[in-house]
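One letter stands for each residue in the lines below.
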Amino acid sequence: MNAPRHYLQFKDFSRAEYEYLFSRTRWIKDKFKRYEPHHPLFDRTLVMIFEKASTRTRLSFEAGMHQLGGSAIYLNTRDSQLGRGEPVEDAAQVISRMSDIVMIRTFEQTIIERFAEYSRVPVINGLTNEFHPCQILADIFTFIEHRGSIQGKTVAWIGDGNNMCNTWLQAAELLDFKVHVSTPAGYEINPEVAGVGQTDRFVRFADPMEACRGADLVTTDVWTSMGFEAENDERMRDFADWRVDAEMMQVAHPDAVFMHCLPAHRGEEVSADVIDGPQSVVWDEAENRLHVQKALMEFLLIGKVESDCA
Ligand code: CP
Ligand code: NVA
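Quick look at the structure, then.

Another aspect to go through is the overall build of the protein. Summing up its helical and strand segments, the protein has twelve helices and nine strands in all. By the compact-globule yardstick of 19 Å for 310 residues, the protein fits well, its C-alpha radius of gyration being 19 Å. In terms of overall dimensions, the protein has C-alpha extents of about 50 × 45 × 35 Å along its principal axes. Across the protein, every contact between residues at least 6 apart in sequence was considered, and the portion connecting residues at least 24 apart equals 73%. Within the structure as shown, the protein displays about 13400 Å² of accessible surface, and the carbon and sulfur contribution to it stands at 49%. Treating the 32 positive side-chain charges of the protein as one cloud and the 48 negative ones as another, the clouds have centres 5 Å apart.

The next thing to look at is the sheet that holds strand 6 (residues 178–182). Sheet strands pair by backbone hydrogen bonding; their relative direction is either parallel or antiparallel. What the five strands build is an open sheet, ordered 7-6-5-8-9; its pairing is parallel. The sheet terminates laterally at strand 7 (202–204) and strand 9 (257–260), the two strands that pair on one side only. When strand polarity is set aside, the average angle formed by the axes of neighbouring strands in this sheet is 20°. Relative to strand 7, strand 6 runs parallel, the two sharing three bridges. Along strand 7, the bridge assignment pairs Val 181 with Arg 204.

Now for the nonpolar core. Formed by 57 residues in total, the largest nonpolar core has its most connected members in Tyr 7, Tyr 18, Ile 124, Ile 140, Trp 168 and Phe 177. Take this core: its biggest share by element is eight residues, from helix 6 (residues 163–175). Not counting chain neighbours up to four residues away, the residues in contact with Tyr 18 comprise Tyr 7, Phe 10, Phe 13, Leu 137, Leu 174 and Leu 175. Counting residues in each nonpolar core, the second largest holds 22 residues, with Ile 158, Cys 212, Trp 223 and Ile 275 among its members.

What counts and how
Residues numbered from 1 in each chain as written. Chains lettered and ligands numbered in written order. Predicted model: local features only at pLDDT ≥ 70, side-chain atom pairs only at ≥ 80, totals over all residues. Heavy atoms only, no water. Helix = DSSP H or I, 4+ residues; strand = E, 2+ residues; numbered from the N terminus. Rg over C-alpha atoms; globule rule 2.2 N^0.38 Å. Contact = heavy atoms within 4.5 Å. Areas by Shrake-Rupley, 256 points an atom, 1.4 Å probe, with all protein chains shown as cover. Lys, Arg positive; Asp, Glu negative; His and termini not counted. Charge placed at Lys NZ, Arg CZ, Asp CG, Glu CD. Pairing = 2+ DSSP bridges. Axes fitted to C-alpha atoms, helices over the stretch in contact; angles between N-to-C directions. Core = buried A, V, L, I, M, F, W, Y, C linked by side-chain atoms within 4.5 Å. Buried < 20%, exposed > 50% of the residue type's maximum accessible area, 1.4 Å probe, protein only.

Okay, here's the thing in structure tokens:
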């Protein structure tokens, strides 16, 4: 049996594969908007494993699989044997014998890597402590829809050096754009964890205003990610100057867009006038999770579909 292809981090795919995925997403989205059925994954089963909460990821994968002609099964740690100490390797062997593709949201990246090693079917990262590749796939597709190619552009990352930030850094290396990163002291990115080299693709800024200056895309995320709740009070104090507000958007490129993977906390990492303002594309960004992940599942299960791609 050939080893399946997985999507565990952004750099698992090449630039050419991303170009394909973005064009295929456009086609799949257009078809969906015209209410035209597209069932390439008829009779296939997706298993979704959640060790952390979710609204968008669960909804977009479950609806997406249904729209592609297949079905989806939801498992969580609370009421499956996964929460009672069954080894990840054993779970992977069993789950992958009963399904065609698996999506996992969990804690350490090593958990999903161990699962993938023992899985007979493709495994998709639906968020780990280190990465959130499906979200960045949607974010870049959204940028392209609104502003064209992201190549040569500048993304300002304001806030925590977290899973979203790490994934932006991988995307910048692959797709050739820049990330201005501004985090409070003590929350800096670690290039080794992010899996990127010390290239000129990212530049660190102590001052978030300076990171935003001239940026084509300004983005942030919650100050406290899932799994780090015990640090919440300390983080509220440490991140107080890292709120994306109108002043920061003012120094960005006049055409800049604002993104947030959601859920958002207005008045913490972003002011209400920014997230609800004219530069914000957060609802398109959220919707695009559905479309990019349909293209991703189709690609992992049946490969490139050139003939009917617009
Ligand atoms: N952005 C995102 O992954 O949202 P959920 O946590 O709701 O899935
Ligand atoms: N960084 C956040 C993203 C939530 C979608 C978290 O990991 O909780």
